[in-house]
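# Working through the structure, step by step
What follows is the residue order along each chain.
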Amino acid sequence: MERELKKQVQEFERQLDAALDALPSRGWSASSALRLASELYEIGAFKTGIDAAGYIDRGYSILANSFVSGADGTAANVKSEANVPQMLEDLAFASHYYMIREYLYYSYNVSGAMSWSFLDGRVEIRFADKSIPRQFFTVHNDYLLGSRHHFRDFNHSEEILRLLKDEPEGVITPNLEAALPLIREEADIKLAAYFSLIAPDSQIDLGGYTYEQFLNVYRMLLIKALYHRYFARAQDALGAVYMPETDLLRGIEENLRISADTARKILQDLVYDRDATAGRVDASYFSLMREGEPDGRIVMRPHHFATAEGMVNVLRVIAQRRPNTFLEQVSNEIGSAFVRRVKAAWEVEGFICHSEVPLREFDASLPDIDLLVISVEPTLGYMIFVCELKCPVPPRWAKDQLKVLNKDSVSKAFQQVEVLKRFIPTEDGMRFLSRMLPKEGHPHFEGFVVVIEYLIITSDNAGMFFGAESTRMINFRTLERLLRRSDGDMALIQNVLRTYAEHADEALVTKMAEFQLGSLSVAYEAVTVSPLLEFPQGHWRSDPERQAMIDAFIADGMHPFDVLEHRPPDLVVVDHSRGNDEGGE
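Treat the numbers as computed from the prediction; the structure is a model and nothing was measured.

Right, let's get into the overall build of the protein. Along the backbone of the protein there are 20 helices and 14 strands. Compactness check: the protein gives a C-alpha radius of gyration of 27 Å against a globular reference of 25 Å for 585 residues, within 12% of the reference. Looking at the protein as a whole, 53% of its 585 residues are labelled buried. In the protein, the share of contacts with a sequence separation of at least 24, taken over all contacts with a separation of at least 6, comes to 71%. As displayed, the protein offers around 26400 Å² of accessible surface, 48% of which is attributable to carbon and sulfur atoms. Taken together, the 62 basic and 87 acidic charged side chains of the protein have centroids lying 4 Å from each other.

Set out below in structure tokens:
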């Protein structure tokens, strides 16, 4: 960002901060404001849906530090007609603030990320780097299509609503007892869909409690949130839930056999309060809030908690509060599990995989290959993906997203790929590849073609900030969906990887959101509701004519080397007849 523009942006940022500090609701009684904002979110999520109420949640997280402060002020009565419009107005401004904060982080840290213009009392902010809106689109697209996939066989929602209609809230009745197993089933589907690669019964210590204990508490709270969400729909009984911590601790101890002291430590990492504010932990990592007074209640927004993916959020909190614990207990566990999960996704579609393959015998400076994927191509030879896997905890906001640029994060994968690209064409590289191929040889030919491609697979990043790189990148949720739909068709997979950015850019829709900042009119570009982008359904392995086509190819005397008249530069030919330790190009 050139110097004069940077000064204008910094002055704009100062105006933005001053306007946030001056919002009327920040002078209200903190807990009253918290309760009012929580109720408004629940009403919005119920009436317009989670996405439409997203602006309330963004504003809620920006104002959360004042909500939980316990500060006195002019009481904001939830029933007051005068307070509701003001709170909605303040939440809307804070939501704009949330988005501008994102764009400021990108602008200050990534050259060419955003385009700013200041002209005649108007500020406009647009995406300059296409990889940024593409990332927003991809994550939301994955979420919606993934939800459809995970819940494809769950059809109990109407039954739960029928059972809860006219039932007293929170009272054990035969209908509630019938509904609870169905709600628990829904909770377990959600937990399976969320990002958590750690085994549910893992005993790793997260800081005074095990992962298994955390997961059990979180599951209990998720079931509670789902119950209240269904109850709201069944009886039009909207609202947040207010839980005295002593009651919650007692319930955890009685139902889960987890001591109150241990449960209290878990809640400390699940609930945003004054300690979180003092520790500068971002409020967007939390769904639960605590009233700021002594013995303040824990506030749950059921519609929010039911979709908040708190399992990954707690990992973010631990990484910030107890970085050594995260590095020693969590980081390696997630990394190894990530490799296993990605490997399994390829293998279930019939591909041969080798994971964590060392290359030290050839050169001590060579990185291990995280995953080598081999596709047996009956009329060609082999198609190989050399994959680098990077699994930082998926980000929640801009400061997290920018961590992929750290030298030990996703950016490192591109350097490792370049090293591997130089190694593979060498004589040692040929020998190594030959050793990795199936020892029984190709099913049809002694001489064949091996095609090499390189791929970076991440926990979340779909190429954000890396648009200029030639090596393709995909996040594991997109990859898993692609592999499920590929039916083992490597040509389909390659085509999608080559064209995804183009198709995503065509599908995503942006709009200019506008608001007033004093005398300034501010407009910024944002990704909005867009068509879903699904991959074509492959029919390669299940095609009944597939074997006949292969047989005809061989019967006609065709050979893989027939493709070599215009050989692409990254095509490698390995002559298996020379032995498994020999290779040629």
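At a minimum axis distance of 7 Å, the contact between helix α13 (residues 310-321) and helix α14 (residues 323-347) shows a crossing angle of 135 degrees. Taken together, the axes of α13 and α14 lie oblique to each other. In the packing of α13 onto α14, the handedness of the crossing is left-handed. The segment α13 lies against α14, with L315, I318, A319, Q320 and R321 engaging P323, T325, F326, V330 and I334. Considering only residue class, the contact of α13 with α14 consists of seven nonpolar, two polar and one charged.

Right, let's talk about the packing of aromatic side chains for a bit. A full pass over the atoms with the stated rule returns 29 aromatic pairs. With a centroid separation of 6.1 Å and an interplanar angle of 85 degrees, the aromatic rings of F151 and F154 are classed as edge-to-face. According to the relative accessible area criterion, F154 is buried, its value standing at 11%. Taken together, a centroid distance of 5.9 Å and an interplanar angle of 35 degrees make the contact between F214 and Y218 tilted. One end of the pair is F214 and the other is Y218, both in helix α8 (residues 211-235) and four residues apart, which spans about a single turn. Overall, F214 belongs to the buried group, its relative accessible area being 0%. Three or more aromatic residues joined by ring pairs make a cluster, and in this case those are F93, Y103, Y106, F127, F136, F465, F515 and Y524. Positioned above the aromatic ring of W397 is the side chain of R101, whose terminal nitrogen or guanidinium carbon lies 4.0 Å from the ring centre.

This part takes up the sheet that holds strand β2 (residues 122-127). Spatial ordering of the open sheet is given by β1-β2-β13-β12, a layout of four strands whose pairing is mixed. Both outer strands of the open sheet, β1 (114-119) and β12 (509-517), are each paired with one neighbouring strand and no more. The mean angle between the axes of side-by-side strands here comes to 20 degrees, regardless of whether they run parallel or antiparallel. Note that β12 and strand β13 (residues 520-528) share nine bridges and pair antiparallel. Among the inter-strand pairings, K511 is bridged to a residue of β13, identified as A526.

Moving on to helix α2 (residues 30-48). Taking 1.5 Å per residue, 19 residues should reach 27 Å; α2 reaches 26 Å between its end C-alpha atoms and fits that length. Buried residues dominate α2, accounting for 14 of its 19 residues. At the C-terminal side of α2, G49 shows a positive phi close to 100 degrees.

Definitions and limits used
Residues numbered from 1 in each chain as written. Predicted model: local features only at pLDDT ≥ 70, side-chain atom pairs only at ≥ 80, totals over all residues. Heavy atoms only, no water. Helix = DSSP H or I, 4+ residues; strand = E, 2+ residues; numbered from the N terminus. Rg over C-alpha atoms; globule rule 2.2 N^0.38 Å. Buried < 20%, exposed > 50% of the residue type's maximum accessible area, 1.4 Å probe, protein only. Contact = heavy atoms within 4.5 Å. Areas by Shrake-Rupley, 256 points an atom, 1.4 Å probe, with all protein chains shown as cover. Lys, Arg positive; Asp, Glu negative; His and termini not counted. Charge placed at Lys NZ, Arg CZ, Asp CG, Glu CD. Axes fitted to C-alpha atoms, helices over the stretch in contact; angles between N-to-C directions. Parallel < 35°, antiparallel > 145°, perpendicular 65-115°, else oblique. Left-handed = near helix turned anticlockwise from the far one by under 90°. Nonpolar A, V, L, I, M, F, W, Y, C, P; charged D, E, K, R; others polar. Phe/Tyr/Trp six-rings, centres within 6.5 Å; stacked < 30°, edge-to-face > 60°. Lys NZ or Arg CZ within 6 Å of the ring centre and 35° of its normal. Pairing = 2+ DSSP bridges. Expected span 1.5 Å × (residues − 1).

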